[in-house]
Amino acid sequence: MDVSTHIEAVQAEVRRRNPGEAEFHQAVTEVLSSLGPALVRHPEYVRGAVVDRLCEPERQVVFRVPWVDDEGAVRVNRGFRIEFNSALGPYKGGLRFHPSVNLGIVKFLGFEQIFKNALTGMGIGGGKGGSDFDPRGRSDAEVMRFCQSFMTELYRHIGERTDVPAGDIGVGGREIGYLFGQYKRLTNRFDAGVLTGKPVAWGGSHARTEATGYGAVFFAEEMLATRGASFDGRRVVVSGSGNVALYAIEKVHALGGRVVACSDSSGYVVDEDGIDVELLKEIKEVRRERLSVYAEARPTARFSARGTLYDVPCDVALPCATQNEIRREDAVALTKNGVLAVVEGANMPSTPEAVEVFREAGILFGPGKAANAGGVATSALEMQQNAARDRWTFDQTEARLAAVMRDVHAECRRTAEEYGGGADDYVLGANIAGFLRVADAMQAQGIV
Ligand code: GLU
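- An unreviewed UniProt entry lists the chain under the name Glutamate dehydrogenase, from Streptomyces luteolus.
- Among the UniProt annotations of the chain, the heading Subunit (unreviewed entry) holds the following wording: "Homohexamer."
- Turning to the chain, the UniProt annotation filed under Sequence similarities (unreviewed entry) states: "Belongs to the Glu/Leu/Phe/Val dehydrogenases family."

Below, the structure written as structure tokens:
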């Protein structure tokens, strides 16, 4: 069977076996459409059905999460943990708490995570989990009871050598704290390495909170450097205003750029003086309020509930909100306004149509599985510190993060060039480089 027929057959089987899981199909198609040149060079992967095996999670756990709200009403959510691939190490990946979460979303995220984690070179497999629980508007006590119920099932599936969850959308330090507390109570073990993203005071790593946003900016910096450019004096838009966006904004400012717009699900703000990141943190992380509050507090800012921040002219766009937020028309607007680089802090924020627009226009495009790998890479650093009962300084940890991002960037360019895409084809480079590491390990470990 020739390679493209093989790839099409695997895609058709994924669609047949996982009906209705649109985001999972999209993520599989995105990766598989890069793999042709790698499979031509490695026919043994076709014979060993490596791609077929990669697309089938090793284990999928779906469970009921019952809890009681502050009014005494019983609520029921659904919990997920997809243990996708352990060829390179224990399953590793975050938990997402958001009403949009379903099996297809968790599988798309888990699938992406396999290649992202492989790219970091850090010995971590791919997994993802979460729940359709909506933390918005819930009290601390409700979030705690939900996390305790969620962990009451999850604890039997995880472990520092088995599966190590962390945060994602809707899961930050507060949730990790409640999850860890319940894990410890159920197992009677202080296994610090069972979760990452812990507060620094009891087993967390310095720079883990900042890592995804900082890492995406380091990756963008490397991309700009290939054009002899930098962030200095550049106009930047960052979508989102959660953990990834906040620290992306902070690092862009530290490097001399100016972030003039950011967003949340209610709309976006434009602030020509540059987003005040401390004010934004206070509003989003402490007060947990909507973005319009930012514009009320800043005379230089205006809030808009309609339209999109991608209409705001910029040199660099950092999508840091969620999947499929950049549609074709957004990509066209960015391109018309002269964007130089689009670098994904979120997971799969660009639709396939948007990526096509960037590709045709010759815009530098950094795919999420490479550009946002800094978060999970720093989680792996947290695991190292936990295993050694050690704590590194912020500067030491940030330097390791920066080195990982430089390596991932270089590996994407080297691989893209080697497999015929040209060094600027970061999509090809990231997909093939990640795939080869996982495929080699899977072949060496036999048919499992
Ligand atoms: N949720 C993050 C990601 O998408 C981090 C995962 C982790 O640290 O395990 O990569």
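## Some thoughts on the sheet that holds strand β7 (residues 258–264)
Phase 1 of the analysis: Taken together, seven strands build an open sheet; the order of strands is β9-β8-β7-β6-β10-β11-β12 and the sheet is mixed. A strand with exactly one partner marks an edge of an open sheet, and here the two such strands are β9 (301–304) and β12 (364–366). For this sheet, the mean inter-axis angle between neighbouring strands, taken without regard to orientation, is 15 degrees.
Phase 2 of the analysis: Note that β7 and strand β8 (residues 267–271) share four bridges and pair antiparallel. If you follow D264 over to β8, its bridge partner there is G267.
Phase 3 of the analysis: Running over the sheet, helix α10 (residues 243–254) touches β6 (235–239), β7 and β10 (316–319) and is turned about 175 degrees from β7.

## Observations regarding helix α18 (residues 426–444)
Phase 1 of the analysis: For α18, built from 19 residues, the straight-helix expectation of 27 Å at 1.5 Å per residue is met to within 8% by its first-to-last C-alpha distance of 27 Å.
Phase 2 of the analysis: In terms of burial, α18 is a largely internal element, 15 of the 19 residues being buried.
Phase 3 of the analysis: Looking at the residues trailing α18, positive phi occurs at G446, about 80 degrees.

## As for α10
Phase 1 of the analysis: Its twelve residues place the ends of α10 17 Å apart at the C-alpha level, agreeing with the 16 Å of an ideal helix rising 1.5 Å per residue.
Phase 2 of the analysis: The buried fraction of α10 is high, at nine of twelve residues.
Phase 3 of the analysis: All of the buried residues along α10 are V244, A245, L246, Y247, A248, I249, E250, K251 and V252.
Phase 4 of the analysis: G256 sits one or two residues past α10 and shows a positive phi near 90 degrees.

## Re the sheet that holds strand β1 (residues 59–68)
Phase 1 of the analysis: Judged by pairing direction, the sheet is mixed, and its five strands sit side by side in the order β1-β2-β4-β3-β5 without closing on themselves. What marks the edges here is a single partner per strand, and that holds for β1 and β5 (163–166). Direction aside, neighbouring strands of the sheet carry axes that sit 20 degrees apart on average.
Phase 2 of the analysis: Both strand β2 (residues 74–85) and strand β4 (residues 125–131) contribute to a ladder of six bridges, which runs antiparallel. By the bridge assignment for β4, R81 is matched with G129.
Phase 3 of the analysis: Most of the contacts of helix α6 (residues 103–120) go to β4, to which it runs at about 155 degrees, and overall it touches β1, β2, β3 (91–97) and β4.

## Some points on the site of the ligand
Phase 1 of the analysis: Near the ligand there are 14 residues, and of these K92, K116, G167, D168 and S379 occur at the shortest range.
Phase 2 of the analysis: Take G167: an N or O atom from its main chain is 2.9 Å from a nitrogen atom of the ligand.
Phase 3 of the analysis: Burial of the ligand by the protein amounts to 95% of the accessible area it has alone, namely 290 Å².

## What about the pairing of β7?
Phase 1 of the analysis: With six of its seven residues buried, β7 lies for the most part within the structure.
Phase 2 of the analysis: Where β6 meets β7, three bridges bridge the pair, whose relative direction is parallel. Looking at the pairing, V236 lines up with V259 of β7.
Phase 3 of the analysis: For the crossover from β6 across α10 to β7, the handedness is right-handed.

## Description of the packing of helix α17 (residues 394–418) against α18
Phase 1 of the analysis: The interhelical angle for the contact between α17 and α18, taken along N-to-C directions, is 100 degrees, at an axis separation of 7 Å. Taken together, the axes of α17 and α18 are roughly perpendicular relative to one another. Across from H409, E411, C412, R413, T415 and A416 in α17, the residues of α18 making contact are Y426, L428, G429, A430, I432, A433 and R437.

## Focus on unusual backbone geometry
Phase 1 of the analysis: The phi torsion at N188 lies on the positive side, around 60 degrees, for a residue other than glycine.
Phase 2 of the analysis: Structurally, N188 can be placed in the loop between α8 (173–187) and α9 (208–225).
Phase 3 of the analysis: Located in the positive-phi region is N324, a residue other than glycine, with phi close to 55 degrees.
Phase 4 of the analysis: Overall, the relative accessible area of 26% leaves N324 in the partly exposed class.

The rules behind each value
- Per-chain numbering applies: the sequence of each chain, read as written, is numbered from 1 onward.
- With the structure being a predicted model, the display of local features is reserved for residues of pLDDT at least 70 and the display and counting of side-chain atom pairs for 80 or more, all residues being used for whole-chain, interface and lining totals.
- Note that water and hydrogens are dropped before the side-chain values are worked out from all heavy atoms of the structure.
- UniProt positions are given in the numbering used here, feature names are shortened, and annotations may be inferred rather than shown by experiment.
- Whether two strands pair depends on DSSP finding at least two bridges between them.
- Comment: elements are numbered from the N terminus, with helices defined as DSSP H or I runs of at least four residues and strands as E runs of at least two.
- To obtain an axis, a line is fitted to C-alpha atoms, over the contacting stretch when the element is a helix, and the angle between two such axes runs from 0 to 180 degrees between their N-to-C directions.
- In what follows, a contact means two residues having at least one pair of non-hydrogen atoms within 4.5 Å.
- Between the first and last residue of a helix there are one fewer steps than residues, each counted as 1.5 Å, and that sum is the expected span.
- Each residue is placed in one exposure class: buried if its accessible area under a 1.4 Å probe, protein chains only, is under 20% of its type's maximum, exposed if it is over 50%, and partly exposed if it falls in between.
- Here a residue is near a molecule or strand as soon as one of its heavy atoms is found within 4 Å of it.
- Counting of polar contacts relies on pairs of N or O atoms within 3.5 Å, with two restrictions inside protein: one atom must be capable of donating a hydrogen and the other of accepting it, and residues adjacent in sequence are counted only when both atoms are side-chain atoms.
- Areas reported as accessible are Shrake-Rupley estimates using a 1.4 Å probe. Residue values count occlusion only from the protein chains shown.
- Seen with the strands pointing away from the viewer, any crossover whose path from the first strand over the helix to the second strand runs clockwise is right-handed.
- Our angle categories are set so that under 35 degrees counts as roughly parallel, over 145 as roughly antiparallel, 65 to 115 as roughly perpendicular, and the remainder as oblique.

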